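Geometric and topological summary
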Amino acid sequence: MKLIFISLFVYLPLLSFVSNAQLKIGYVDSDTIMDNYPDVQDARQQLDALVQEWQAEVRKLESELKAKQDDYEKRKLIMTEQTSMEVMAEITKLQKDIADYRDKKFGANGELFQKQNELMKPIQNKVFTIIQQVATEEELDFVFDRSGDILFLYAKPEYDLTAKVVERLKLE
């Protein structure tokens, strides 16, 4: 019995302390932040220009391939076996060149991915730093990104830090 009273005496104040502690949670919408940040728009324009340039090159190569294939189809009946094999080898090589070019530019570790990383990483780091600063100033325990996989069914607008982050980015 004495043990119960001692336990209650020790743990009851701890339980009330824990229940009085409140978490402060904020959220941001990173899509909105990125859409309103001029540096992101500049980076996107640079990336779009590169993509257009590379796609034009792919279209040129594909046009070349189509012309060779059409020419081959028209002349294959009058070609010697040797000539036919040479033209088919050229067509196959061109198909491989197109696939290699696409992979080099647009593949998983292609130039587009690397350039995107090069341009966006510093911007993302800056945004993250400002989010941390705002969260610290607001004394928040957690900050969630609303535009990611986390689904908010309800969130009080007073906890939305998006506008503060956008404003801070404009000042820098």
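From a predicted model like this one, the values you see are computed outputs, not experimental measurements.

Rules used throughout
- Residues numbered from 1 in each chain as written.
- Predicted model: local features only at pLDDT ≥ 70, side-chain atom pairs only at ≥ 80, totals over all residues.
- Heavy atoms only, no water.
- Patch = residues over 30% accessible without salt bridge, like charges linked within 9 Å, V, L, I, M, F, W, Y side chains within 5 Å.
- Areas by Shrake-Rupley, 256 points an atom, 1.4 Å probe, with all protein chains shown as cover.
- Salt bridge = Lys/Arg side-chain N within 4 Å of Asp/Glu carboxyl O.
- Helix = DSSP H or I, 4+ residues; strand = E, 2+ residues; numbered from the N terminus.
- Buried < 20%, exposed > 50% of the residue type's maximum accessible area, 1.4 Å probe, protein only.
- pLDDT = per-residue confidence, 0-100.
- Contact = heavy atoms within 4.5 Å.
- Phe/Tyr/Trp six-rings, centres within 6.5 Å; stacked < 30°, edge-to-face > 60°.

1. Digging into a nonpolar patch on the surface
Together, L23, I25 and F142 make up an exposed nonpolar region whose accessible area comes to about 280 Å². Residue position: L23 is located in the loop between α1 (2-20) and β1 (25-28). L23 gets classed as exposed once you look at its relative accessible area, which sits at 58%.

2. Regarding the confidence of the model for the protein chain
Any region with low pLDDT has predicted coordinates that should not be read closely. When pLDDT is averaged along the protein chain, the result is 83, and 83% of the positions lie at 70 or above. Low pLDDT (under 50) marks residues 1-19, which in the prediction has two contacts with non-local residues, meaning those over four places away or in another chain.

3. So, the packing of aromatic side chains
Under the definition given, this model contains two aromatic pairs. Seen from their ring centres, W54 and F106 are 5.9 Å apart, and the 80 degrees between their planes marks the pair as edge-to-face. Linking W54 in helix α3 (residues 38-75) with F106 in helix α4 (residues 81-106), this pair joins segments that are 52 residues apart in sequence. Between F142 and F144, the ring centres sit 6.3 Å apart and the planes meet at 20 degrees, which makes this aromatic pair stacked. Exposure remark for F144: the relative accessible area of 28% places this residue in the partly exposed category.

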